[in-house]
Amino acid sequence: MSESKQNRFLQYMREDRLPHIFCPGCGNGAIINAFLAAMEKAGMDFDNIAMVSGIGCSSRIPGYLDCDSLHTTHGRALSFATGLKTANKDLDVVVFTGDGDAASIGGNHLIHAARRNINLTVICINNNIYGMTGGQISPTSPKGSFGTTAPYGNQDTPFKLAELVAAAGATYSARWTTVQIENLVLAIKEGLENPGFSFIEVATQCPTYFGRKNKLKTPTAMAAVMKANTVFKSAAERMSAKELEGKIVVGEFANTTKDEFTENIDKISVEKSGKKTVINSAYETEL
Amino acid sequence: MIIIDEELCKGCHLCLFMCYKNVYAISPEINKKGVQLPFVKFEERCTKCGTCEVACPDQAITVDLPENWWMKEGNDVNFNPNFTKGKK
Ligand SMILES: Cc1ncc(C[n+]2csc(CCOP(=O)(O)OP(=O)(O)O)c2C)c(N)n1
Ligand code: SF4
Ligand code: SF4
Ligand code: SF4
Ligand SMILES: [Mg+2]
């Protein structure tokens, strides 16, 4: 297939910055590949993609990709992305965010972006912990798991992000893990093609903090446990809450269509002022 | 040929875990970066499914083998279509 003997993903990456900063076996690198494979499959123009991320290990991903990107503040990736998409709806805006970034500090932005169904593709890298700051418990840390802020084990019930976002009104929501890499690629492709808010939660491994704190010392041990704990959605529907404890349910949680946020703005602008944008500016003709 | 880039590989051994044909093995030696590199032990088993290329977090693997039957259809390089019929 390829004439050159170079890894197929390197052509999209800032090679001068490689090897990347992620720890050995961190899932972030594989998620970069899965995104690029999905983008190829969807036949998208890489030059038309703008990436937005917050703060965290996972939010460093756009920095390694050779495209336009905004590295914003913690938890606010979706707010920046909303502004970007509304100002220039021809861009394909992709958001990379972590579980802490999206669900704790950015939790409100997440549910409201989903509610408004704005055409963004959000890839939420859920490693069940705050990786960058040294292993604190996150809103998705499983009950009983250990972290620097839970030396006796986490007592709280975690969020189920893919279900939460589907319930909040997203038109596409799915969860896969880094072990089901083919399904992950297909889900990201569907998310990119969906003309509405698309959320792909990727359950992934952070061997350095989650692994070390939870007696899973190697990336392969983490991947094996993740694989063993995976249940397909169709099977999960026939299981009791008790049986599902500690399991990762994978599959699609929303795949529908409804009115999109920027389309709504265009529509009301044309209706009320006869033009596609309500901006009043001396430079209006250049917009 | 399957190529592993020694400069990029960090020795996580996820390629061994992810390859369903057990193509890879771990070298007993440690290189100058302190990494126990994987190596291709059974290349003849490889079906060019592409999983290891995508699963390697460090973009260190290139699978460059003659084309496979599913690659002829629409030039799609990713994954055996028989793999992706899994239920959702
Ligand atoms: C306003 C603000 N609060 C706190 C921090 C510290 N901080 C940096 S990254 C992070 C958590 C990152 O966790 P997650 O989003 O899950 O990313 P990961 O590193 O796990 O990929 C926190 C709390 C910050 N940078 N800014
Ligand atoms: S700390 Fe965890 S999430 Fe961050 S790069 Fe290392 S393994 Fe990945
Ligand atoms: S998956 Fe990649 S980085 Fe990990 S051991 Fe294999 S070749 Fe090296
Ligand atoms: S392409 Fe598939 S079969 Fe070949 S080495 Fe990689 S994972 Fe194994
Ligand atoms: Mg995290």
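Conventions we followed
- Residues numbered from 1 in each chain as written.
- Chains lettered and ligands numbered in written order.
- Predicted model: local features only at pLDDT ≥ 70, side-chain atom pairs only at ≥ 80, totals over all residues.
- Heavy atoms only, no water.
- Helix = DSSP H or I, 4+ residues; strand = E, 2+ residues; numbered from the N terminus.
- Rg over C-alpha atoms; globule rule 2.2 N^0.38 Å.
- Buried < 20%, exposed > 50% of the residue type's maximum accessible area, 1.4 Å probe, protein only.
- Contact = heavy atoms within 4.5 Å.
- Near = heavy atom within 4 Å.
- Nonpolar A, V, L, I, M, F, W, Y, C, P; charged D, E, K, R; others polar.
- Polar contact = N/O pair within 3.5 Å; in protein donor to acceptor, adjacent residues only side chain to side chain.
- Donors = N, O, S within 2.8 Å, 3.2 Å for Na, K, Ca; no water.
- Domains from an automatic or database assignment.
- Buried area = accessible area lost by both parts, 1.4 Å probe.
- Salt bridge = Lys/Arg side-chain N within 4 Å of Asp/Glu carboxyl O.

Below, the discussion takes up the overall build of chain A. Of the regular secondary structure elements, chain A holds 10 helices and 10 strands. Over its C-alpha atoms chain A spans a radius of gyration of 19 Å, differing by no more than 12% from the 19 Å that the globule rule assigns to 287 residues. With the C-alpha coordinates of chain A rotated into their principal frame, the extents come out at 60 × 50 × 35 Å. Counting over 287 residues, chain A shows a buried share of 53%. Considering only intrachain contacts with a sequence separation of at least 6, the fraction spanning at least 24 residues in chain A is 66%.

Every residue near ligand 2 is listed here: A:Phe22, A:Cys23, A:Cys26, A:Cys57, A:Asn127, A:Gly131, A:Cys206, A:Pro207, A:Thr208 and A:Tyr209. A per-class count over the shell around ligand 2 returns seven nonpolar, three polar and no charged.

This brings us to the site of ligand 1. Residues and elements named next belong to chain A. Inspection of the region around ligand 1 gives 16 residues, with Cys57, Ser58, Asp99, Asp101 and Gly131 positioned closest. One of the backbone nitrogen or oxygen atoms of Asp101 is found 2.7 Å away from an oxygen atom of ligand 1. Contact between ligand 1 and Met132: an oxygen atom at 2.9 Å from a main-chain N or O atom of the residue. Element by element, the count of residues in the shell around ligand 1 is highest for helix α3 (residues 99–104), at three residues. Its residues assigned to classes, the shell around ligand 1 comprises six nonpolar, eight polar and two charged.

Residues and elements named next belong to chain A. The coordination sphere of the magnesium ion (ligand 5) contains the protein donors Asp99 (OD), Asn127 (OD1) and Ile129 (O), at a distance range of 2.0 to 2.2 Å. Linear spacing of the donor residues for the magnesium ion (ligand 5) on their chain is D-x27-N-x1-I. Placement of the pair is Asp99 in helix α3 and Asn127 in the loop between β4 (121–126) and β5 (129–130), with a sequence separation of 28 residues. A residue is classified by how much of its surface remains accessible, and Asp99, at 2% relative accessible area, is buried.

What follows concerns the domain arrangement of chain A. All names here are of chain A. Under the domain assignment, chain A is made up of domain 1 (8–256) and domain 2 (260–287). Placing the centre of domain 1 and that of domain 2 at their C-alpha centroids yields a distance of 33 Å. Each partner contributes to the interface: domain 1 provides 10 residues, whereas domain 2 provides six residues. Buried surface at the junction of domain 1 and domain 2, summed over both partners, amounts to about 620 Å²; 63% is from carbon and sulfur atoms. Ranking the residues of domain 1 by area buried against domain 2 places Thr86, Lys89 and Arg116 at the top, with a combined share of 66%. Connecting domain 1 to domain 2 are two salt bridges. Between Lys89 and Asp266 there is a salt bridge; the shortest N-O distance is 3.1 Å. At the boundary of domain 1 and domain 2, one finds four residue pairs in polar contact (both at pLDDT 80 or more). With three residues, the top contributor of residues to the side of domain 1 that touches domain 2 is helix α2 (residues 77–87). The residue inventory of the side of domain 1 that touches domain 2, partitioned by class, reads two nonpolar, five polar and three charged.

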